[in-house]
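Per-entry structural report
Given next are the chains, with one letter for each unit.
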Amino acid sequence: MHSLPPSLGPVRLVGVDGHAGSGKSTFAARLARALGGAPVLRLDDIACHDELFAWTERLREQVIEPLAHARTAHYTPYDWHERRFTAPLPLPPAPVILVEGVGAGRRAVRPHLAHLLWMEMPPTQAWARGRERDGAEQREFWAAWVRAERRHFTEDPSRPYADLLVRQVAQGYDILPGPAAEGRDLTHGDGPPAVW
């Protein structure tokens, strides 16, 4: 990833997208460690109950514009239990920053990405995992979420623009060329190995 050209000021912004419950957070944390402690921006911190997908302006103002000018970004994480935004957190420019969450590869974000990874898992399987993870108290939220996610990916799909597809396997991950690769070999160099 470090060999990619910067895409946002001095930063290589790398998106990790996929359906809710597909393992984006776990994979992004593992990738961040492999990249020497790359920062991870979780889109769950940018979205909120009232704006499940209408967060692009907040992301632009709080994160994209400052990083584009090599300045430290300050974003206000959303507390999903308290239903409010909290105190700002700093996000200094770094060689690689991962942005992880549903919609990380959306139309408004793609021009700022150096690379887009898609977690390759059928939506029904991912959603079942997410529901199991979150428990019965989130049942109503998940019903609304699934409708919103279906609508989002119908109107603004990410997978067709993915450079790499990430499939969880018993011993880590298979990394495969994505639809945007068009014959380019993106699994070598200093990128992730074929099985991770």
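See the structure printed just above.
These figures come from a predicted structure and were not determined experimentally.

Counting 35 residues, the largest nonpolar core has Leu41, Trp55, Leu59, Leu67 and Leu91 as the members making the most contacts within it. Residue assignment for this core shows that the elements contributing at least two residues are α2 (56-68), β3 (73-75), β7 (96-100), β8 (113-119) and α4 (139-155). Once residues within four sequence positions are removed from consideration, Trp55 is found in contact with Leu43, Ile46, Ala47, Val102, Gly103, Arg106 and Val109. Formed by 18 residues, the second largest nonpolar core is a distinct cluster that contains Leu31, Ala38, Met119 and Leu164.

Glancing now at unusual backbone geometry. The residue Ala70 is not glycine, and still its phi comes out positive at about 60°. As for its position among the elements, Ala70 is in the loop between α2 and β3.

Scanning the model with the defined rule gives two cavities of 30 Å³ or more in all. Counted as a void, the largest cavity has a volume near 50 Å³. Every residue lining the largest cavity is listed: Leu43, Asp44, Ala47, Leu52, Trp55, Gly101, Val102 and Trp145. Of the voids in this model, the second largest cavity is the one considered here, and its volume is about 30 Å³. Here the lining of the second largest cavity gets three residues from one element, more than from any other, and that element is α2.

Bringing the sheet that holds strand β9 (residues 164-169) into the picture now. Pairing within the open sheet is mixed, and its six strands lie in the order β2-β7-β1-β8-β9-β10. Only two strands of the sheet have a single partner each, and these edge strands are β2 (40-42) and β10 (172-177). Shown here is a sheet whose adjacent strand axes are inclined to one another by a mean of 25°, direction ignored. Relative to β8, strand β1 (residues 12-17) runs parallel, the two being bridged by five bridges. If you follow Val16 over to β8, its bridge partner there is Leu117. Against the sheet, helix α1 (residues 24-34) engages β1, β2, β7, β8, β9 and β10, with an angle of about 175° to β7.

As a further point, take the packing of aromatic side chains. The full count for this structure, using the stated rule, is seven aromatic pairs. Ring geometry for Trp80 against Phe141: centres 5.8 Å apart, planes inclined by 70°, an arrangement best described as edge-to-face. In this pair, Trp80 sits in the loop between β4 (78-79) and β5 (84-85) while Phe141 sits in helix α4, placing the two residues 61 residues apart along the sequence. Cation over ring: Arg106 sits above Trp55, and NZ or CZ is 4.6 Å from the ring centre.

Inspection of the secondary structure assignment puts Gln62 in helix α2. The contacts of Gln62, once residues within four sequence positions are left out, are Ala73, His74, Tyr75 and Thr76.

Moving on to the pattern of salt bridges. Inspection of the entire model under this criterion finds 10 salt bridges. Between Arg60 and Glu61 there is a salt bridge, and its shortest N-O distance comes to 3.8 Å. A residue is classified by how much of its surface remains accessible, and Arg60, at 31% relative accessible area, is partly exposed. The partner of Asp156 in a salt bridge is Arg110, with the nearest N and O atoms 3.9 Å apart. Of the two residues, Asp156 is situated in the loop between α4 and β9 and Arg110 in the loop between β7 and β8; the sequence distance between them amounts to 46 residues. Of the two residues, Asp156 and Arg110, neither departs from the other in class, the shared state being buried.

Each pair of packed helices can be described by the angle between their axes along with the distance between the axes. Two numbers describe how helix α3 (residues 123-134) lies on α4: the axes approach to 11 Å, and their chain directions differ by 150°. Judged by the inter-axis angle, α3 sits roughly antiparallel to α4. In the crossing of α3 with α4, the sense of the turn from one axis to the other is right-handed. Residues Trp127, Gly130, Arg131, Arg133 and Asp134 of α3 lie in contact with α4, whose contacting residues are Trp142, Val146, Glu149 and Arg150. Broken down by class, the residue content of the contact of α3 with α4 amounts to three nonpolar, one polar and five charged.

Calculation notes
- Residues numbered from 1 in each chain as written.
- Predicted model: local features only at pLDDT ≥ 70, side-chain atom pairs only at ≥ 80, totals over all residues.
- Heavy atoms only, no water.
- Core = buried A, V, L, I, M, F, W, Y, C linked by side-chain atoms within 4.5 Å.
- Buried < 20%, exposed > 50% of the residue type's maximum accessible area, 1.4 Å probe, protein only.
- Helix = DSSP H or I, 4+ residues; strand = E, 2+ residues; numbered from the N terminus.
- Contact = heavy atoms within 4.5 Å.
- 1 Å grid on protein atoms, 1.4 Å probe; cavity = no way out; pocket = protein on both sides within 12 Å on 5 of 7 lines; lining within 4 Å.
- Points joined across faces, edges and corners; volume = space filled by probe spheres on them.
- Pairing = 2+ DSSP bridges.
- Axes fitted to C-alpha atoms, helices over the stretch in contact; angles between N-to-C directions.
- Phe/Tyr/Trp six-rings, centres within 6.5 Å; stacked < 30°, edge-to-face > 60°.
- Lys NZ or Arg CZ within 6 Å of the ring centre and 35° of its normal.
- Salt bridge = Lys/Arg side-chain N within 4 Å of Asp/Glu carboxyl O.
- Parallel < 35°, antiparallel > 145°, perpendicular 65-115°, else oblique.
- Left-handed = near helix turned anticlockwise from the far one by under 90°.
- Nonpolar A, V, L, I, M, F, W, Y, C, P; charged D, E, K, R; others polar.

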